[in-house]
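Working through the structure, step by step
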Amino acid sequence: MSDFAHVFETPPEGAAADWTIPQDWSAYTPVEHQTWDTLYARQMKILPGRAAEVFMKGLNALDLNTGGIPDFAVMNPKLQALTGWTVVCVPGLVPDDVFFDHLANRRFPSGQFIRTPDQLDYLQEPDIFHDVFGHVPMLTDPDFADYMEAYGKGGQRAASLGMLPNLARLYWYTVEFGLMREEGQLRIYGAGIVSSATESVFAVEDASPNRIGFDLERVMKTLYRIDDFQQVYFVIDSIDALKAVTLQDFGPVYERLQGAETIAIDAILPSDDVITRGNQAYAIEGGRFAA
Ligand code: PHE
Ligand code: CO
């Protein structure tokens, strides 16, 4: 996404014009496969009851724990049969227009590498565990699959209007860090949360963050942090409801947002539908950098 410095300006050597590279599955080492298995097993202890049913169902449908890093040649036909999506490998973060073009064509770009054993808990760049375990289960849901394709198409338009920062916030607070209501409870569907052992607990149980009912324009004005747990999560009622507000024409939305002030990450506004008023203790104490 646009928040990270791009390492490359043009496709690096070995990458195709659309920036894809072969997964080269047979080149993963036993340690790398073990890292996948460790991360998978750890999340399976934490996610039941915390992750949304739709995520758990998708994970199950994809059969991603048959031992080691999933082979895309095996996984893609299952995903494609469900929603027409496939996953492609890229050498890291790609330029916005390339990213949007993949999504608009129902291709999800995934990192090829996996984190090293000493980075199990935190890494800055998305690896294959974040991208596949975190994102792909939701792509098995027909409504979410539509939303992601529409997002790719909407990205191309937002870029031409100078509204990318606003659209990127929508992605951040839904695709990456979204919560939803399910059976009267708060459940996780965001990939950045479900792929993190610590944030999976923090996002739904900790007293620190604010949890606020999703409002499109509110979200598109809200700043976010990429270096630590979020200070606010936005809660959707259902994927259907998310789709309904985002499939409308953003022309008038963008007009209203033009020149509008951004909203601080810890702000609560009088108009907010406050689900949890957080005490922000985690952030105040210094977050992951606390002594
Ligand atoms: N409806 C948006 C537009 O008109 C496109 C979009 C759809 C953006 C879904 C994000 C998610 O630009
Ligand atoms: Co991600």
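One structure accompanies this document, and this report is about it. All residue numbers here refer to positions counted from 1 along the written sequence of the relevant chain. All chains are assigned letters beginning with A, and all ligands numbers beginning with 1, in the order in which they are written. The predicted nature of this model means local features are confined to residues of pLDDT at least 70 and side-chain atom pairs, given and counted, to a pLDDT of 80 or more, with totals for whole chains, interfaces and linings taken over all residues. To obtain the side-chain values, all non-hydrogen atoms of the structure were included, while hydrogens and water were left out.

1. Regarding the coordination of the cobalt ion (ligand 2)
Looking at the cobalt ion (ligand 2), the protein donor atoms are H130 (NE2), H135 (NE2), E176 (OE) and E176 (OE), and they sit 2.0 to 2.7 Å from it. Donor atoms are limited to N, O and S found within 2.8 Å of the metal ion, a distance that becomes 3.2 Å for Na, K and Ca. With water left out, some sites might look partial. Only two sets of limits are used to name each site, 85 to 135 degrees for every angle of a tetrahedral four-donor site, and over 155 degrees for opposite donors with all other angles from 65 to 115 for a square planar four-donor or octahedral six-donor site, with any other site named irregular. Coordination at the cobalt ion (ligand 2) comes from four donor atoms whose angles at the metal span 52 to 137°, giving a geometry best classed as irregular. Site description for the cobalt ion (ligand 2): donor spacing in sequence, H-x4-H-x40-E. Think of it in three bands: residues with accessible area under 20% of the maximum for their type are buried, residues over 50% are exposed, and the middle band is partly exposed, with areas taken using a 1.4 Å probe on protein chains only. The class of H135 is buried, set by a relative accessible area of 4%.

2. Focus: the packing of helix 4 (residues 96-104) against helix 6 (residues 142-161)
The relative placement of two packed helices comes down to the angle between their axes together with the axis-to-axis distance. One can describe the packing of helix 4 onto helix 6 by two numbers: an axis separation of 7 Å at closest approach and a directional angle of 140°. Where helix 4 crosses over helix 6, the two elements pack in a sense that is left-handed. Residues F100, D101, L103 and A104 of helix 4 touch helix 6, and the partners they reach there are M148, E149, Y151, G152, K153, G155 and Q156. Among the residues forming the contact of helix 4 with helix 6, the class breakdown is five nonpolar, three polar and three charged. All axes are obtained by fitting lines to C-alpha atoms, using only the stretch in contact for helices, and the reported angles, taken between N-to-C directions, cover 0 to 180 degrees. Secondary structure is summarised from DSSP: a helix means a run of H or I of at least four residues, a strand means a run of E of at least two, and numbering begins at the N terminus for each. Two helices crossing with the near one rotated counterclockwise from the far one by less than a right angle form a left-handed crossing, whereas a clockwise rotation gives a right-handed crossing. Should any heavy atoms of two residues lie within 4.5 Å, those residues are counted as being in contact. Any residue outside Ala, Val, Leu, Ile, Met, Phe, Trp, Tyr, Cys, Pro, Asp, Glu, Lys and Arg is labelled polar, Gly included; the first ten of those are nonpolar and the last four are charged.

3. A short note on the packing of helix 6 against helix 11 (residues 239-246)
Contact geometry for helix 6 and helix 11: axes closest at 9 Å, N-to-C directions at 30°. Comparing the axis directions of helix 6 and helix 11 gives the class roughly parallel. The interaxial crossing formed by helix 6 with helix 11 has left-handed handedness. Along the contact surface, helix 6 presents D143, F144, D146 and Y147, while helix 11 presents I239, D240, L242, K243 and T246. Looking at the contact of helix 6 with helix 11, its residues break down into four nonpolar, one polar and four charged. Roughly parallel here means an angle under 35 degrees, roughly antiparallel means over 145, roughly perpendicular means 65 to 115, and every remaining angle is called oblique.

4. Quick look at the environment of M180
Position of M180 relative to the elements: it lies in strand 3 (residues 179-182). Of the residues examined, M180 reaches a relative accessible area of 4% and is grouped as buried. Distance in space between the C-alpha atoms of M180 and F229 is 18 Å, their sequence separation being 49 residues. Once residues within four sequence positions are removed from consideration, M180 is found in contact with A52, V54, Q185, L186, R187, Y189, V235, I236 and I239.

5. A closer look at the pairing of strand 6 (residues 232-236)
With five of five residues buried, strand 6 lies mostly within the body of the structure. In strand 6, alternate side chains face the same way, and those of V232, F234 and I236 on one face and Y233 and V235 on the other are all buried. Across two bridges, the pairing between strand 3 and strand 6 is parallel. In the strand pairing of strand 6, M180 is matched with I236. Being paired, for any two strands, means DSSP has found at least two bridges between them. Here strand 5 (residues 210-213) runs beside strand 6; their pairing, made up of four bridges, is parallel. When the sheet's bridge partners are listed, G213 is paired in strand 6 with V235. Where the polypeptide runs from strand 5 across helix 10 (residues 216-221) and back to strand 6, its parallel neighbour, the crossover connection is right-handed. Assignment of crossover handedness uses the view with strands pointing away from the viewer, where a clockwise path from the first strand over the helix to the second indicates a right-handed crossover.

6. Remarks on the site of ligand 1
Around ligand 1, the neighbouring residues are Y147, A150, Y151, G154, R157, L167, L170, T246, L247, Q248, D249 and F250. Think of a polar contact as two N or O atoms within 3.5 Å of one another; within protein, one of them needs to be a possible hydrogen donor and the other a possible acceptor, and neighboring residues in sequence only count if both atoms come from side chains. In the environment of ligand 1, a nitrogen atom lies 2.6 Å from a nitrogen or oxygen atom belonging to the backbone of T246. In these tables, accessible area is a Shrake-Rupley quantity obtained with a 1.4 Å probe, and a residue counts as shielded only by the protein chains included in the view. Protein burial of ligand 1: of its 320 Å² of free accessible surface, 92% is covered by the chains. Among the cavities detected, the one that contains ligand 1 is the second largest pocket. Breaking the shell around ligand 1 down by element, the ones donating at least two residues are helix 6 and helix 7 (164-176). The greatest single-element share of the shell around ligand 1, amounting to five residues, is contributed by helix 6. Working definition: residue near molecule or strand if any one of its non-hydrogen atoms lies within 4 Å of it. A pocket here means an open set of points on a 1 Å grid, computed over the protein atoms alone, that has protein on both sides within 12 Å along at least five of seven lines. A cavity is instead a set of points where a 1.4 Å probe fits but cannot get out; residues with an atom within 4 Å of a point line either one. Assignment of a molecule to a cavity or pocket requires that more than half of its atoms lie within 2 Å of the corresponding grid points.

7. Some thoughts on the layout of surface pockets
Grid points are joined across faces, edges and corners, and a volume is the space filled by probe spheres set on the points. The computed volume of the largest pocket comes to approximately 790 Å³. Forming the walls of the largest pocket are 45 residues, and the residues nearest its centre are L123, Q124, P126, H130 and G192. Residue assignment for the lining of the largest pocket shows that the elements contributing at least two residues are helix 1 (30-46), strand 2 (107-111), helix 5 (128-135), helix 7 and helix 9 (197-205). Per-class residue counts for the lining of the largest pocket are 21 nonpolar, 12 polar and 12 charged. Taken as a whole, the second largest pocket holds about 190 Å³ of empty space. Contributing to the lining of the second largest pocket are 13 residues, with A150, G154, T246, Q248 and F250 lying nearest its centre. Sorting the residues of the lining of the second largest pocket by element identifies helix 6 and helix 7 as the ones contributing at least two each. Of all the elements, helix 6 adds the most residues to the lining of the second largest pocket, at five residues.

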